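Overview (structure and organization)
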Amino acid sequence: MDNNWMNNPAFKDINPQKLLLLNQLLGQASSKSKEELIPFFIAASSKASSMGMSFNDAETDLIITALTSNMSEQDKNRVETIRKLTKMLSEQQKR
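What you see is a predicted model; the values in this text were computed from it and never measured.

This brings us to helix H3 (residues 57-68). Look at H3: 16 Å from first C-alpha to last across twelve residues, which is about the 16 Å you get at 1.5 Å a residue. Every buried residue belonging to H3 is among Glu59, Ile63, Ile64, Ala66, Leu67 and Thr68, and all of these are buried. One side-chain oxygen at the N-terminal end of H3 lies 3.1 Å from the backbone nitrogen of Ala58; it belongs to Asn56.

Written out as structure tokens, the structure reads:
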């Protein structure tokens, strides 16, 4: 994945440390197959949490948009389904 997403003005308000982490993760993800991406991002999310970093809904929306910009509609729908499931699981764990 190229770094064109970083030129999006919407990313200017995201913490620079989060952007650095995101850039590193996207660089690592570029060498992963589609099948490897989901487990990779789940592990990355856990790592970010252990570092005390979390992304709010607006930041997550921007990230998903960047990640899916070159995907087919089928892959975009798959990512959205996984995102919804992850959000549901996260909300259940907070209870």
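Next comes the rest of the write-up.
By secondary structure assignment, the location of Glu59 is in helix H3. Sequence-distant contacts of Glu59, defined by excluding residues within four places in its chain, comprise Ile14, Lys18 and Ser54.

Moving on: the confidence of the model for the chain. The share of residues in the chain with pLDDT of 70 or more is 93%, and the mean pLDDT across the chain is 80. Considering each helix and strand of the chain separately, the mean pLDDT is smallest for H3, with a value of 79, and largest for helix H1 (residues 16-29), with 84.

Let's shift gears to the environment of Lys76. Locating Lys76 in the fold gives a position in helix H4 (residues 73-94). Residue class for Lys76 comes out partly exposed when judged on its relative accessible area of 27%. Sequence separation of Lys76 and Lys18 is 58 residues, and the distance between their C-alpha atoms is 23 Å. Ignoring anything within four residues of it in the chain, the contact list for Lys76 reads Thr68, Ser69 and Met71.

What follows concerns the layout of surface pockets. Taken as a whole, the largest pocket holds about 1,600 Å³ of empty space. Lining the largest pocket we find 41 residues, and of these Phe41, Ser45, Thr60, Ile64 and Thr86 sit closest to its centre. Going through the elements one at a time, H1, helix H2 (34-50), H3 and H4 are the ones with two or more residues in the lining of the largest pocket. In terms of residue count, the dominant contributor to the lining of the largest pocket is H4 (twelve residues). Within the lining of the largest pocket, the residues separate by chemical class into 21 nonpolar, eleven polar and nine charged.

Each value, and the rule that gives it
Residues numbered from 1 in each chain as written. Predicted model: local features only at pLDDT ≥ 70, side-chain atom pairs only at ≥ 80, totals over all residues. Heavy atoms only, no water. Helix = DSSP H or I, 4+ residues; strand = E, 2+ residues; numbered from the N terminus. Expected span 1.5 Å × (residues − 1). Buried < 20%, exposed > 50% of the residue type's maximum accessible area, 1.4 Å probe, protein only. Polar contact = N/O pair within 3.5 Å; in protein donor to acceptor, adjacent residues only side chain to side chain. Contact = heavy atoms within 4.5 Å. pLDDT = per-residue confidence, 0-100. 1 Å grid on protein atoms, 1.4 Å probe; cavity = no way out; pocket = protein on both sides within 12 Å on 5 of 7 lines; lining within 4 Å. Points joined across faces, edges and corners; volume = space filled by probe spheres on them. Nonpolar A, V, L, I, M, F, W, Y, C, P; charged D, E, K, R; others polar.

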